[in-house]
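# Summary of the model geometry
Here is what each chain is made of, one letter per residue.
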Amino acid sequence: KNEVEQSPQNLTAQEGEFITINCSYSVGISALHWLQQHPGGGIVSLFMLSSGKKKHGRLIATINIQEKHSSLHITASHPRDSAVYICAVSRPRYGGSQGNLIFGKGTKLSVKP
Amino acid sequence: EAGVAQSPRYKIIEKRQSVAFWCNPISGHATLYWYQQILGQGPKLLIQFQNNGVVDDSQLPKDRFSAERLKGVDSTLKIQPAKLEDSAVYLCASSSGLYTGELFFGEGSRLTVL
């Protein structure tokens with residue numbers, strides 16, 4: 001079993017829909033990262049969370065430390081949101097650096113117009 | 001603020017040839033990471049630097065891969081000789097500190113080995 005699990009693996013939505021991507025982890029962490037990767041390969045860091053909730057534009061990320069679970073929500077989805085969304089955890093408190101991440105396998109999101 | 005710069009964006013070489021990738025991190029970021037991402041997989045950390053020193057290179061295939069960050073700013077990752085299985089996107093990231101700070105990634109360098 002992977003230490004970081006994401007669901008769903010693939011997601012197709014219609015423009016305007018509310019989208020949720022889930023991430024569960026089984027190890028102690030210092031922070032959880034939500035990353036966005038477009039087909040060209042570059043990665044954009046969306047959020048780094050250690051507790052609670054963060055919002056940036058139409059994106060909302062939440063984390064429940066007790067349940068070892070995080071969700072990424074996209075409100076009013078748009079075709080330009082189409083990308084792979086990756087959940088990753090860092091464990092500097094347990095050894096290793098901030099960039100020594102354990103990655104989930106990613107969720108491929110396709111938003112249709 | 002300028003982001004993490006990487007070059008080249010794309011490179012196609014034949015097996016047994018050599019290739020080098022360059023990364024310039026965000027100004028002032030002490031920590032720099034190189035990752036390898038094979039198609040369909042998550043990134044794998046190859047090496048991390050703190051200023052001009054190597055913190056961890058345990059996952060770097062040292063028989064063919066080398067990396068340096070001589071002045072503690074930009075970094076070069078070299079593969080010599082390349083193998084077919086080295087085809088991947090090579091990502092560079094930086095952060096302000098080894099244990100703190102948000103990660104910023106570059107656009108990646110896509111390598112195809114024929």
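Owing to the predicted nature of the structure, the values given are computational and were not obtained by experimental measurement. (Residues numbered from 1 in each chain as written. Chains lettered and ligands numbered in written order. Predicted model: local features only at pLDDT ≥ 70, side-chain atom pairs only at ≥ 80, totals over all residues. Heavy atoms only, no water.)

### Remarks on the overall build of chain A
Each helix and strand counted, chain A has 0 helices and 11 strands in total. The helix and strand sequence of chain A, counted from the amino end, reads β-β-β-β-β-β-β-β-β-β-β. For a compact globule of 113 residues, the expected C-alpha radius of gyration is about 13 Å, and chain A comes in at 14 Å, within 12% of that figure. In terms of principal-axis extent, the alpha carbons of chain A reach across some 45 × 30 × 25 Å. (Helix = DSSP H or I, 4+ residues; strand = E, 2+ residues; numbered from the N terminus. Rg over C-alpha atoms; globule rule 2.2 N^0.38 Å.)

### Some points on the packing of aromatic side chains
Both the distance between ring centres and the angle between the ring planes are used here to describe each pair of aromatic rings. All names here are of chain B. Scanning the model with the defined rule gives 5 aromatic pairs over all chains in all. Aromatic side chains Tyr-35 and Phe-105 sit 5.7 Å apart centroid to centroid with 35 degrees between the ring planes, which places their arrangement in the tilted category. Of this pair, Tyr-35 sits in strand β4 (residues 31-37) while Phe-105 is found in strand β10 (residues 104-105), placing the two residues 70 residues apart along the sequence. Judged by its relative accessible area of 0%, Tyr-35 falls in the buried class. Relative to Tyr-90, the ring of Phe-65 lies with its centre 6.3 Å away and its plane at 45 degrees, an arrangement referred to as tilted. (Phe/Tyr/Trp six-rings, centres within 6.5 Å; stacked < 30°, edge-to-face > 60°. Buried < 20%, exposed > 50% of the residue type's maximum accessible area, 1.4 Å probe, protein only.)

### Digging into the nonpolar core
In terms of nonpolar packing, the biggest core is built from 24 residues, with A:Leu32, A:Trp34, A:Phe47, A:Leu72 and A:Tyr85 touching the most fellow members. Broken down by secondary-structure element, the contributors of at least two residues to this core are β3 (19-25), β4 (31-37), β5 (43-49), β7 (59-64), β8 (69-74), β9 (83-90) and β11 (107-112) of chain A. Membership of the second largest hydrophobic core comes to 22 residues, among which are B:Leu46, B:Leu77, B:Ala82 and B:Leu111. (Core = buried A, V, L, I, M, F, W, Y, C linked by side-chain atoms within 4.5 Å.)

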